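Structural features, examined
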Amino acid sequence: MRLNLRVWRQKNGDAEGAMATYRVDGISPDMSFLEMLDTLNEELILRGEDPVAFDHDCREGICGACSLVINGDAHGPERTTSCQLHMRSFRDGDTIDVEPWRAAAFPVVKDLVVDRSAFDRIIQAGGYVSVPTGSAPEAHATPVPKADADHAFEHAECIGCGACVAACPNGSAMLFTSAKVNHLGVLPQGAPERESRVLDMVAQMDAEGFGGCTLTGECATACPKGIPLPSIAAMNKEWLRARRKAGRS
Amino acid sequence: MALATKSGRNTARPPAAAPTRGFWASTIGKKTVMAASGLIMLAYLVAHVTGNLKVFFGPEEFNGYGHWLRVMGAPVLHHQWGLWIARIVLLTAVVAHAVSAYQLSRRDIKARPTAYVHRRKGASYATRTMRWGGVVLGLFIVWHVLDLTTGTVHAGGFEEGRPYQNVIDTFSTWYGNVIYIVAMLAVGLHVRHGFWSAAQTLGIGNARRERALTFLANALALVLTAGFIAVPVGVMTGVVS
Ligand code: HEM
Ligand code: SF4
Ligand code: FES
């Protein structure tokens, strides 16, 4: 396959950026999107040019590092991560636009790499459970109903990639935050911190400069792990419940 | 987990503001105010459209309804008290709704400062027009009160206590019809996304209720728009005269 690429190039966070056009040749439809970018970078290096910086790690759809907006869609046209997107999703001769995640809370570091440490701070604010260490707990001491376990698992799938924020016209992190709130909120292990978790995570999310939710649903459409939109309503419910409880105590 | 990319001064960028658990400071708190005030206005609109349709039963019935609004709640409430309570609640709702909408919109625009070069089709029309539609509705509410409540900008001789004639005056001008019909289409779009959205904000929405809520949102939007527009159409076609 032969492709025209238009890629966002930006030297660093303070520099101006612009789309640069490249031609790549000899792309196999079986290559992943990242392998296609590797091919481009090999050529750039041979030509003595600066290779395109992009985030990647596992390349198997589980780490959430590969943050690319491809033709305006976070992670491109398929519901998967950029690393699991294959070139067979494109046609020979296509022009493909590649841009970084866009949100005030995710500043560009270089080219396609953005700083997602805001997500880490949201998790630090309450996305954890406190457990006593030392002796291992008895496996059957805390039974979890099947439906709750399924709900928790569905939300534990979030890989923190940030596609939800990138897709949201308000740069909102509600879907990401709701994934962790839903995941831990239904489990008995998460019960002791149930109220403080949602209040503190939402407070941190707001402090990071993410936008609010207007229920456009772009986040859930972009999410490679299928975290559903109703999870946001469930988090709103948790937040209102925690506020009521905080008001009483 | 998300990557905190180590690169010079961008490392571990501090958060933009100190976190707070306050209700009004929170995006969810503001959104709750917007949803609650929106639902109050929505409930009012349902009552309002029902009352308006009485115009099809002639001047006595319509003017009688207008009079009842002033003695609503009697004998417990004094003359016009019921009406004034409703007006104060509505004014509070409009202000709370507009202030929360404005503050959240400002924040949302700031949170996404750079647009993508490759543009794609966005959310549904109703979703995308919430902000401008809301502004149109706000302007309409001002015009509407000045036209049919106070009579300040009314076409023809405004007569208090004779709403039937006043309504016919307004809908006998082309601009009265245009402003009104455009605003009622805006109401339909706003309610369509707004009602469903309010359910999600208040935590009532979930996957099981999804279809029922969407249906209710569409039904409310359709009934309100069609019901309100029936009045100017009635005047234009001479059914109401
Ligand atoms: C002063 C004029 C108005 C303005 C500026 C305004 C603006 C807005 C905005 C920006 C939203 C957020 C939409 C979103 O979720 O993206 C909204 C939501 C809403 N509006 Fe309005 N609106 C106005 C009048 C009305 C009226 C007259 C009604 C009554 C039918 C109404 C009902 C609603 C409802 C129910 C919501 C949903 C709240 C939520 O998202 O949780 N609005 N409005
Ligand atoms: S909710 Fe989905 S899109 Fe958002 S960070 Fe998690 S996996 Fe990525
Ligand atoms: S590189 Fe790990 S999910 Fe794509």
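Residues numbered from 1 in each chain as written. Chains lettered and ligands numbered in written order. Predicted model: local features only at pLDDT ≥ 70, side-chain atom pairs only at ≥ 80, totals over all residues. Heavy atoms only, no water.

Under an unreviewed UniProt entry, chain B has the name Succinate dehydrogenase and belongs to Streptomyces roseicoloratus.

The test is simple: UniProt positions are given in the numbering used here, feature names are shortened, and annotations may be inferred rather than shown by experiment.
Chain A is annotated in an unreviewed UniProt entry as Succinate dehydrogenase/fumarate reductase iron-sulfur subunit of Streptomyces roseicoloratus. UniProt, in its Sequence similarities (unreviewed entry) section for chain A, records the words "Belongs to the succinate dehydrogenase/fumarate reductase iron-sulfur protein family."

Remarks on the interface of chain A and chain B
Just so we agree on the cut-off: Any two residues whose heavy atoms approach within 4.5 Å are treated as being in contact. What counts as buried area is the accessible surface, traced by a 1.4 Å probe, that two parts surrender upon association, with contributions from both included. We count a salt bridge whenever a side-chain nitrogen from Lys or Arg sits within 4 Å of a carboxyl oxygen from Asp or Glu.
Each partner contributes residues to the interface: chain A has 71 residues there, and chain B has 53 residues. Taking both sides of the interface into account, the surface hidden between chain A and chain B amounts to around 4800 Å²; carbon and sulfur atoms contribute 54%. In terms of surface lost to chain B, no three residues of chain A exceed Arg102(A), Leu215(A) and Trp239(A), which account for 12% of the buried area on that side. Linking chain A with chain B are four salt bridges.

Focus on the domain arrangement of chain A
Residue and element names in this part refer to chain A. Formally: An automatic or database domain assignment is the source of the domain bounds shown. As a working rule, the residues Ala, Val, Leu, Ile, Met, Phe, Trp, Tyr, Cys and Pro are called nonpolar, Asp, Glu, Lys and Arg charged, and the rest polar, with Gly in that last group.
On domain assignment, one finds that chain A holds domain 1 (3-109) and domain 2 (116-248). The distance between the C-alpha centroids of domain 1 and domain 2 comes to 29 Å. Taken together, the contacts link 18 residues of domain 1 with 20 residues of domain 2. Between domain 1 and domain 2 the total buried area reaches about 1400 Å² when both faces are included, carbon and sulfur atoms providing 61% of it. Counting the surface domain 1 buries against domain 2, the share from its top three residues, Arg79, Ala105 and Phe106, is 41%. Linking domain 1 to domain 2 there are one salt bridge. Salt-bridge contacts for Asp55 lead to Arg116; the nearest nitrogen and oxygen are separated by 3.2 Å. Split by residue class, the side of domain 1 that touches domain 2 holds nine nonpolar, six polar and three charged.

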